[in-house]
Amino acid sequence: MHERRQLCSDIDRPLGDAARATQQIDAERWRRQLRPRAMRLFAARTAKLPCSRALLKLLVEELYPDDLFTELVGDLDRVPRRRWPQVVAIAVALRHSWRRDGLARIARRLHVSLATHTLNDRSTRGNTRPSRRRFFGSPRPCQGFPLRSNPMRGSRP
């Protein structure tokens, strides 16, 4: 019994090597000869392809978004067309947001500001300093502005 198994594995090994070699030759032929022709045909036939929900879904699927995407966007079947650029931007940002600098780079390229006090909220770091806000009366004038030229208060004659 053991000899029969050994004989089968001895025969299977060259057959497996031959199959792998054939697959490798087919893959190289696809990449060098057939793929460029197929892609030229695809490009020509998609020249007037309209923006569609199917295309949006395909693009989002290719970016492998996580559960946060669904939380932010909701069901793709219900997203109106006017929000599709936002959906793509969110999917791309999620793909690059595993590090802070990755998200910052995407935001910069899309001209989206991330500068806000909520990202650097001191309350999340345990800052217990009491507020400096006045409890009553009018707020103090901005420091550094003379009263007559303060743009916040309007100009006085």
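Preceding block: the structure.
Residues numbered from 1 in each chain as written. Predicted model: local features only at pLDDT ≥ 70, side-chain atom pairs only at ≥ 80, totals over all residues. Heavy atoms only, no water.

## Brief notes about the overall build of the chain
Check the secondary structure of the chain and you find 5 helices and 0 strands. Secondary structure elements in the chain, listed N-terminal to C-terminal, are α-α-α-α-α. Looking at the 157 residues of the chain, the share that counts as buried comes to 11%. Considering only residue pairs separated by 6 or more positions, the chain has 32% of its internal contacts joining residues 24 or more positions apart. For the chain, the exposed surface amounts to about 14,500 Å²; the carbon and sulfur share of it is 55%. (Helix = DSSP H or I, 4+ residues; strand = E, 2+ residues; numbered from the N terminus. Buried < 20%, exposed > 50% of the residue type's maximum accessible area, 1.4 Å probe, protein only. Contact = heavy atoms within 4.5 Å. Areas by Shrake-Rupley, 256 points an atom, 1.4 Å probe, with all protein chains shown as cover.)

## Examining the pattern of salt bridges
The final tally for this structure, using the stated rule, is 4 salt bridges. Here D101 ties to R99 by a salt bridge, and the two come within 3.0 Å at their closest N and O atoms. Classification of R99 as exposed rests on a relative accessible area of 55%. A salt bridge links R105 to D101, with the nearest nitrogen and oxygen atoms 3.7 Å apart. (Salt bridge = Lys/Arg side-chain N within 4 Å of Asp/Glu carboxyl O.)

## Observations regarding the packing of helix 2 (residues 53-62) against helix 4 (residues 84-96)
For the pair helix 2 and helix 4, the least separation of the axes is 10 Å and the interaxial angle reads 10°. Taken together, the axes of helix 2 and helix 4 are roughly parallel relative to one another. Contact residues: helix 2 offers R53, L56, L59 and V60, while helix 4 offers W84, V87, V88 and A91. For the contact of helix 2 with helix 4, the per-class residue count stands at 7 nonpolar, no polar and 1 charged. (Axes fitted to C-alpha atoms, helices over the stretch in contact; angles between N-to-C directions. Parallel < 35°, antiparallel > 145°, perpendicular 65-115°, else oblique. Nonpolar A, V, L, I, M, F, W, Y, C, P; charged D, E, K, R; others polar.)

## A look at the environment of W30
One can find W30 in helix 1 (residues 2-45). A relative accessible area of 42% means that W30 is categorised as partly exposed. Each residue touching W30, except ones within four places of it in the same chain, is listed here: R35, P36 and A38.

## Some words on the nonpolar core
Counting residues in each nonpolar core, the largest one holds 12 residues, listed as L56, V60, L63, F69, V73, L76, V79, W84, V87, I90, A91 and L94. Going through the elements one at a time, helix 2, helix 3 (67-73) and helix 4 are the ones with two or more residues in this core. For this core, the element with the most residues is helix 4, which contributes 5 residues. Apart from residues no more than four positions distant in its own chain, L56 is found in contact with L76, W84, V87 and V88. (Core = buried A, V, L, I, M, F, W, Y, C linked by side-chain atoms within 4.5 Å.)

## Overview of unusual backbone geometry
Positive phi is not limited to glycine here, since Y64 has a value of about 50°. Mapped onto the elements, Y64 comes out in the loop between helix 2 and helix 3. Its identity as a non-glycine residue notwithstanding, H111 has a phi of 60°, on the positive side. In this fold, H111 is placed in the segment after helix 5 (100-109).

## Some details on a nonpolar patch on the surface
A contiguous nonpolar patch, built from L49, L55 and L58 and spanning about 270 Å² of accessible area, is present on the exposed surface. By the secondary structure assignment, L58 is in helix 2. For L58, a relative accessible area of 45% gives the class partly exposed. (Patch = residues over 30% accessible without salt bridge, like charges linked within 9 Å, V, L, I, M, F, W, Y side chains within 5 Å.)

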